[in-house]
Amino acid sequence: MDLIDISSRGSTPSIRGLEWNDEERPGNDEQAGIERRFKEMPARAGHFLIDLTQESDKTEEEEEKIEDTPDSEIGRNIEVIDLTATRPRARPRLPPPKRNPSISLPNVKLKTYMHNDVELKEGVTVEIEPVHRLYNASFLFILLIIRTEFGILLRGLPLTRTRYLRGQLPRFRNEVAQVLEIDQDDPRPDEEQAAIEVPVDMVKMPRDCVFTNKDFPEHRFEVGIYANNTEIEERAVLVCRWKFRRIWTDAVKRTNGKPPVEFGISRLTAEQVIKDRYRASSASLINAWRGGKIRGGSFIPDEPDGSKLTVDIDAPEVEDNASQDQEIPIKPGQQYSFADMFCGAGGASSGVRAAGFRVVLSCDNAEGACNTYRMEFPETDLRQQHMFDFFTLMREARYHVDVLHLSPPCQYWSPAHTTPGVNDEANIAILFSCHELVKCLRPRIFTLEQTYGILLPRFEFYFNALIHGFTQHGFSIRWKVVNLLTWGAPSQRQRLIMIGSCPGEELPNFPTATHSESPSPSDGTKPYRTVKQMLRKMNRNVIDDLHDPRKLKRQYHESWDPNVPLARTITCTGGVGNYHYSGRRQFTVREYAMLQGFPPGYRFQPPDIKKQVGNAFPPPVVKTLYTHLRRWLEEKDRVLRVEGDVPGPEEDDQTDWGSGSDPDAGMESDNDEDDVVYMGGRELIRAISEVEFLGGRKLHQQASSVTIDDSESGDCMDVDAMSTDVRSQGFCIDAIQPRGTSLSCPIELD
């Protein structure tokens, strides 16, 4: 099969024919095959269609079992992506000494040092013996020369050829990247804490290295003056445009061989480029990518043409920095525009809207999800079509948005997916349509949400190709696995979250945790949102077809404490092990939606409503992420918002999600809705202490136990409503989990 020509806007060279360019050739045949497939996919878009009728509930349930995997197990999966050649032999139990301390006696800092008739000094790049644990870093940018009692040490930043980063960056000859190991508990700048020290004997020769933030191939070696590739690699100039960062929580975990908690690949910024002739202004880069930006957001209600960006990229840049430093007020109603791809029923859009963005464009192909989305977001341009059809139409539309979110299907990448499926090829293609969506919509920032199963070893080359698809367009990327409980989700879920920024835009950090198991005043977090806390906001005074417990089949499970988060992931079928905390029934669809974080009055439309709920990206999580991103964009744009003019009630965290109140508010108050609950179809009025049921059986409330008294037989049944087995995240949810005996809280059987 011949590879059809692929042409793209931007600086990336077009690929023609089946032969790889020598400097782009992967070192692994499997990796080469995978990357070749994804280069072909845009031209073969019509071949990849997902058959929605072939979805397997069994696969979904197995996947969600894996989603509940503890963080330690996830860490072992992530570790396989960190494929360094060696591991530390020793595992120190005590905190290691501080890296790169200040120079003090008997050590002495030297300005220069002669080594093999070559003068070494600060700012010089040298070729060294490879450091295998740092992706075969073979170059060092010297920061300090230190004379010690054991000899001369060079302290500097390690650099590796981009071809050693396993396909995450384009493999261009003599292109290098900094490799930095970062500890989150170290307040020093990255370059200061991540520098390494090597003995001067490791130096082979000095090398010319250009540090630039300009697009490839600016400042590259001249073609035609070297005899062969070997001479190019040994003599031609090196160019560094990127930093590859691996991040640990602290030095102990790093030195003990624990996997990083976060990864990032970012372009050098204009501020990080020392020499003017190698520096491009941020404005010129973003202009070349998307035609500039509108500070404060491209959605301006009274200016229908306000979002049209027309910039002369060849114009002088003399006013770039000065004009950007001046603060400007945000116009009334102005917002950052947002596009939601694979939008589903609108979980991400709901959270984004609450965070203050304007949802202008969305796309999905599921009938029920689109019906719901139209009902909840009538102002949004929803395209109900296959994603390949969408971006084929959008290629020439020049429809640019400020921020883009991507939630591609994740079945193929699930840890539970062990046998071939009918939709495998389509799911692979859909994931890599994300590259085309970024290229079409040209966002300043994008986010991506995916199962962490894609980090498993069997998917390594797929994951690296995903990253490559963004970095080839000059995007900076960071990614990590997030326990969504820490960002406000009321149910357990581990997801891979990615943030990307376009050329000329700085890369945002991840938001800090907003919720924790044991909050303290110093960390500023709130307690995890709980099942009781979310369900008490349900409006039981209205008729709701999605909430009628009396129609559910009565079950007999252990009751469990509702004052904890839901421990199991909510899936398209409800989730393995999930049931109502009374133990007597399943959750209703409305309750599942509430536990996923949807507003109480969210107007779901058929078909497949439960599947819509299970597929959603929890709105409270999205609100946390996008509130952080909105504030970050406003800070970088240097815009002033009028007090009280926040387009979304996020300042006091009183988000109503459409019709209710913030789940964190009023935790200690009792609502009238708590007076009536259902037990397998029977009503229980808590306001009275004794309720008579059919057959003369009476229910008395005593402490946290309910005693059902049968006046005829004289027998009774104690149902303990509480569980003391709530430690770490050990939430009482499975029927086989032992029942606790705490009597410290009132009964809750709803």
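Notes on the structure follow.

## Remarks on the overall build of the protein
Here is step 1: Counting secondary structure elements, the protein contains 17 helices and 29 strands.
Here is step 2: Here the contacts in the protein between residues at least 6 apart in sequence split such that 69% fall between residues at least 24 apart.
Here is step 3: Of the roughly 33300 Å² that the protein leaves accessible, carbon and sulfur atoms contribute 49%.

## So, the pattern of salt bridges
Here is step 1: Within this structure, the stated rule accounts for 38 salt bridges.
Here is step 2: Linking Asp215 and Arg267 is a salt bridge whose minimum nitrogen-to-oxygen distance equals 2.8 Å. On the criterion of sequence distance, the pair formed by Asp215 in the loop between β10 (209–211) and α5 (229–235) and Arg267 in strand β12 (residues 262–267) is long-range, its members being 52 residues apart.
Here is step 3: Measuring nitrogen to oxygen at the nearest pair gives 3.3 Å for the salt bridge that ties Arg395 to Glu436.

## Focus on the environment of Arg584
Here is step 1: Within the fold, Arg584 resides in the loop between α14 (531–535) and α15 (589–596).
Here is step 2: By relative accessible area, which is 12% here, Arg584 ends up buried.
Here is step 3: Expressed as a C-alpha distance, the spacing of Arg584 and Gln555, which sit 29 residues apart in the sequence, is 4.5 Å.

## Focus on the packing of helix α12 (residues 424–441) against helix α13 (residues 460–471)
Geometrically, a packed helix pair is captured by the angle between its two axes and the distance between the axes.
Here is step 1: It is at 9 Å that the axes of α12 and α13 come closest, and there the two elements cross at 15°. Overall, the two elements α12 and α13 adopt an arrangement that is roughly parallel. The two elements α12 and α13 meet at a crossing, and its hand is right-handed. Counted together, Ile428, Leu431, Phe432, Cys434, His435 and Val438 of α12 and Tyr462, Ala465, Leu466, Gly469 and Phe470 of α13 form the full contact between these two elements.
Here is step 2: Looking at side-chain class alone, the contact of α12 with α13 contains nine nonpolar, two polar and no charged residues.

## Overview of helix α7 (residues 282–290)
Here is step 1: Of all nine residues in α7, seven are buried, a share of seventy percent or more.
Here is step 2: For α7, the set of buried residues is Ala283, Ser284, Leu285, Ile286, Asn287, Trp289 and Arg290.
Here is step 3: Phi for Gly291, located one or two positions after α7, is positive at around 85°.

## Quick notes on the side chain of Glu376
Here is step 1: Mapped onto the fold, Glu376 is located in helix α10 (residues 367–376).
Here is step 2: At 2.7 Å, the side chain of Glu376 forms a polar contact with the backbone nitrogen of Arg603.
Here is step 3: If we skip the residues at most four places from it in the chain, Glu376 touches Arg353, Gly601, Tyr602 and Arg603.

## A look at the packing of aromatic side chains
Here is step 1: Tallying each qualifying case throughout the model produces 26 aromatic pairs.
Here is step 2: With a centroid separation of 5.5 Å and an interplanar angle of 45°, the aromatic rings of Tyr412 and Phe459 are classed as tilted. Here Tyr412, found in the loop between β17 (403–406) and α12, pairs with Phe459, found in the loop between β18 (445–450) and α13; they are 47 residues apart in sequence, far enough to count as distant.
Here is step 3: Residues Phe587 and Tyr592 carry aromatic rings whose centres are separated by 5.4 Å and whose planes lie at 65° to one another, so their mutual orientation is edge-to-face. You'll find Phe587 and Tyr592 in the same group, each marked buried.
Here is step 4: Ring pairing ties together the aromatic residues Trp289, Phe446, Phe470 and Phe475, which thus form one cluster.
Here is step 5: Looking at Arg442, its charged tip hangs above the ring of Trp289, at a distance of 4.1 Å from the centre.

## Considering the nonpolar core
Here is step 1: Among the nonpolar cores identified, the biggest contains 76 residues, and Met341, Leu404, Leu406, Phe446, Phe470 and Met498 are the most heavily contacted of them.
Here is step 2: Broken down by element, this core gets its largest block of residues, 10 residues, from α12.
Here is step 3: When neighbours within four sequence positions are excluded, Leu404 is seen to be in contact with Phe338, Ala339, Met341, Leu437, Val438, Leu441, Pro443, Ile445, Phe446, Thr447 and Tyr626.
Here is step 4: By size, the runner-up hydrophobic cluster in this structure holds 55 residues, among which are Ala489, Leu507, Met594 and Leu595.

## Here we look at the pairing of strand β6 (residues 151–161)
Here is step 1: With respect to burial, β6 is a largely interior element, nine of its 11 residues being buried.
Here is step 2: One ladder, built from nine bridges, connects strand β5 (residues 137–148) with β6; its direction is antiparallel. Within β6, the residue paired with Arg147 across the bridge is Ile152.
Here is step 3: The hairpin turn running from β5 into β6, its antiparallel successor, is two residues long.
Here is step 4: Relative to strand β8 (residues 196–199), β6 runs antiparallel, the two sharing four bridges. Paired with Leu153 across the two strands is Pro199, which belongs to β8.
Here is step 5: Where β6 lies against strand β7 (residues 175–183), three bridges are found, and the strand directions are antiparallel. Paired with Leu159 across the strands is Gln178, a residue of β7.

## A few points about unusual backbone geometry
Here is step 1: Of note, the amide linkage connecting Phe216 to Pro217 takes the cis form, showing an omega dihedral of 10°.
Here is step 2: On the secondary structure map, Pro217 appears in the loop between β10 and α5.
Here is step 3: Phi is positive for Asn136, close to 55°, though the residue is something other than glycine.
Here is step 4: Along the chain, the position of Asn136 falls in the loop between β4 (125–131) and β5.
Here is step 5: According to the relative accessible area criterion, Asn136 is partly exposed, its value standing at 24%.

## Some remarks on the packing of helix α9 (residues 347–354) against helix α17 (residues 619–637)
Here is step 1: At a closest axis distance of 7 Å, the pairing of α9 and α17 adopts a crossing angle of 45°. Relative to α17, α9 is oriented oblique. For the element pair α9 and α17, the recorded crossing hand is right-handed. Taken together, the residues of α17 that come into contact with α9 (itself represented by Gly347, Ala348, Ser350, Gly351, Val352 and Ala354) are Pro619, Val622, Lys623 and Tyr626.
Here is step 2: In the contact of α9 with α17, the residues fall into six nonpolar, three polar and one charged.

## Things to note about α10
Here is step 1: For α10, the full list of buried residues reads Gly368, Ala369, Cys370, Thr372, Tyr373 and Glu376.
Here is step 2: Here the buried face of α10 lies against β14 (337–341), α9, β15 (358–364), β16 (381–384) and α16 (609–615).

## Considering the environment of Ile247
Here is step 1: For Ile247, the location among the structural elements is in strand β11 (residues 238–248).
Here is step 2: Note on Ile247: relative accessible area 4%, which makes it buried.
Here is step 3: A C-alpha to C-alpha distance of 9.7 Å links Ile247 and Lys480, two positions 233 residues apart in sequence.
Here is step 4: Residues contacting Ile247, with those up to four places away along its chain left out, are Ile182, Gln184, Pro260, Val261, Glu262 and Arg478.

## Thoughts on the state of the cysteines
Here is step 1: Following the criterion strictly, the structure yields zero disulfides and no others.
Here is step 2: Cys370 forms no disulfide, and the closest cysteine sulfur to it belongs to Cys343, at a distance of 5.6 Å.

How each quantity is defined
One numbering rule holds for all chains: residues counted from 1, following each sequence as written. The model is predicted, so local features are restricted to residues of pLDDT at least 70 and side-chain atom pairs to those at 80 or more, both for listing and for counting; the totals for chains, interfaces and linings are taken over all residues. Based on all heavy atoms of the structure, the side-chain values leave hydrogens and waters out of the count. Elements are defined by DSSP. Helices are runs of H or I of four residues or more, strands are runs of E of two residues or more, and each kind is numbered from the N terminus. Throughout, a residue-residue contact means that at least one pair of heavy atoms, one from each residue, lies within 4.5 Å. Surface accessibility follows the Shrake-Rupley procedure with a 1.4 Å probe radius. Residue values consider only the protein chains on display as shielding. Counted as salt bridges are all cases of a side-chain nitrogen of Lys or Arg within 4 Å of a carboxyl oxygen of Asp or Glu. Each residue is placed in one exposure class: buried if its accessible area under a 1.4 Å probe, protein chains only, is under 20% of its type's maximum, exposed if it is over 50%, and partly exposed if it falls in between. Between N-to-C directions, angles span 0 to 180 degrees; the directions come from axes that are lines fitted to C-alpha atoms, helices contributing only their stretch in contact. Note that the term roughly parallel is reserved for angles under 35 degrees, roughly antiparallel for angles over 145, roughly perpendicular for angles of 65 to 115, and oblique for everything else. What makes a crossing left-handed is the near helix being turned counterclockwise from the far one by less than a right angle; a clockwise turn instead makes it right-handed. Side-chain classes are defined by residue name, with Ala, Val, Leu, Ile, Met, Phe, Trp, Tyr, Cys and Pro counting as nonpolar, Asp, Glu, Lys and Arg as charged, and the others, Gly among them, as polar. Residues adjacent in sequence count toward polar contacts only when both atoms are side-chain atoms; beyond that, a polar contact is any pair of N or O atoms within 3.5 Å, and within protein one must be able to donate a hydrogen and the other to accept it. Here is the rule: rings of Phe, Tyr and Trp (six-membered ring for Trp) pair when centre to centre is within 6.5 Å. Planes less than 30 degrees apart are stacked, more than 60 are edge-to-face, and the remainder are tilted. Criterion for a charge above a ring: Arg CZ or Lys NZ at most 6 Å from the ring centre, at most 35 degrees from the ring normal. As used in this record, nonpolar core signifies buried Ala, Val, Leu, Ile, Met, Phe, Trp, Tyr and Cys residues forming a set joined through side-chain atoms within 4.5 Å. A pair of strands is considered paired only if DSSP assigns at least 2 bridges between the two. What counts as a disulfide here is a pair of cysteine sulfur atoms lying within 2.5 Å.

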